[in-house]
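Per-entry structural report
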Amino acid sequence: MPLDEYRRKRDFSKTPEPDGSAPPSKRKKTAGLFFSVQKHLATHLHYDLRLEWNGVLLSWAIPKGPSIDPADKRLAMQTEDHPFDYGTFEGVIPEGYGAGIVMLWDRGTWTPESPDVDAALRKGDLKFTLDGYKLKGSWALVRTRGYGGGSRPSWLLIKHRDEWAGPLDIGEFAPLSVKTPDADFADILAADNPAVWTTNPPAKTGDTGKLFQRIIAQAVAMKESRGAQDTTKPRRRAKAATKKRR
Ligand code: MN
């Protein structure tokens, strides 16, 4: 079963991530195949590219994130297939596999340029077009040989030269959520439970540890400044406060 590995890695009594049990009929029919990129602050900051194919999301973890500069070849480590519903997930994974904060960084549709997608995936050379908010135009995923050495193959994500390519750092230029307007990691954590990692954050040392400390402190301060009188609908209150603040 395509989602066995996904489910084996997670305890759904402890994570808000979808368990993949939603029937396919629940999924909205869109004009094209769905794609998204989730910015994931876990033990290391990375970006997860997801491409809808055969009812699931093919997935790659990209440590440096996608680049729209064709000179960059970004390492993309293939990970387990994810359920379709995962594609728009944004929130806090309090513990376990992938513990951290997930931001929906881009979403849209993708169109294969390779005539036979399954054959292209087997061959390790998939060409496709993205139509997202941030990522557009023609791209390639090329499987590498002898890279990584883990059980899953490594690929390179490369932007083709077209009108959507350029020497811009898209991750720095457009760092925020496309799901919650203007939300950064601290906003997403503040809307959930900012105190969840005050004792044991997913990363404790190095740059990622420092980043977590800063984001947790920011989220706690945001939550405190919004007052604690309404405890019934914390998420809604946080969203309203975010709107007011900006
Ligand atoms: Mn991830």
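In what follows, the structure referred to is the one given above.
Residues numbered from 1 in each chain as written. Predicted model: local features only at pLDDT ≥ 70, side-chain atom pairs only at ≥ 80, totals over all residues. Heavy atoms only, no water.

1. A few points about the overall build of the protein
We count it as follows: Segments assigned H or I by DSSP are reported as helices when at least four residues long, segments assigned E as strands when at least two residues long, and all are numbered from the N terminus. Each residue's exposure class comes from its accessible area (1.4 Å probe, protein chains only) as a fraction of the maximum for that residue type: buried when under 20%, exposed when over 50%, partly exposed otherwise. Throughout, a residue-residue contact means that at least one pair of heavy atoms, one from each residue, lies within 4.5 Å. Computed with a 1.4 Å probe, the accessible areas rest on the Shrake-Rupley method; for each residue, only the protein chains presented here act as cover.
Check the secondary structure of the protein and you find 6 helices and 9 strands. Taking all 246 residues of the protein together, 48% fall into the buried category. Sequence separation of 24 or more characterises 59% of the internal contacts of the protein that already satisfy a separation of 6 or more. Counting every atom, the protein has about 13100 Å² of accessible surface; 53% of that belongs to carbon and sulfur.

2. Observations regarding the pairing of strand β6 (residues 100–112)
What counts here: DSSP bridges decide pairing: two strands pair if at least two such bridges lie between them.
With 9 bridges joining them, strand β1 (residues 33–41) and β6 adopt antiparallel strand pairing. Counterpart to F34 in the pairing with β6 is T109. Pairing of strand β5 (residues 91–93) with β6 involves 3 bridges; the strand directions are antiparallel. Across the sheet, I93 pairs through a bridge with G100, a residue of β6. Taking the residues between adjacent antiparallel strands as the criterion, β5 and β6 are bridged by 6 residues, where G96 takes a positive phi near 80 degrees. Pairing analysis gives 5 bridges linking β6 to strand β7 (residues 125–132), with the strands arranged antiparallel. Residue pairing across strands places G108 opposite G132, the latter belonging to β7.

3. A word on the pairing of strand β4 (residues 73–83)
For β4, a buried count of 8 out of 11 residues is recorded, marking the element as mostly surrounded by other parts of the structure. One ladder, built from 5 bridges, connects strand β3 (residues 56–62) with β4; its direction is antiparallel. Within β4, the residue paired with S59 across the bridge is T79. Pairing geometry for β4 and strand β9 (residues 154–159), over 5 bridges, is antiparallel. The residue bridging A76 from the neighbouring strand is W155, located in β9.

4. Describing the nonpolar core
To be explicit about the condition: Here, nonpolar core refers to any group of buried Ala, Val, Leu, Ile, Met, Phe, Trp, Tyr and Cys residues whose side-chain atoms link them within 4.5 Å.
Counting 43 residues, the largest nonpolar core has L49, L51, W60, W110, L126 and L141 as the members making the most contacts within it. When sequence neighbours within four positions are dropped, the list of residues in contact with W60 reads Y47, D48, L49, L51, A76, M77, Q78, T79, L121, L141 and W155. Membership of the second largest hydrophobic core comes to 10 residues, among which are Y6, F84, Y86 and V102.

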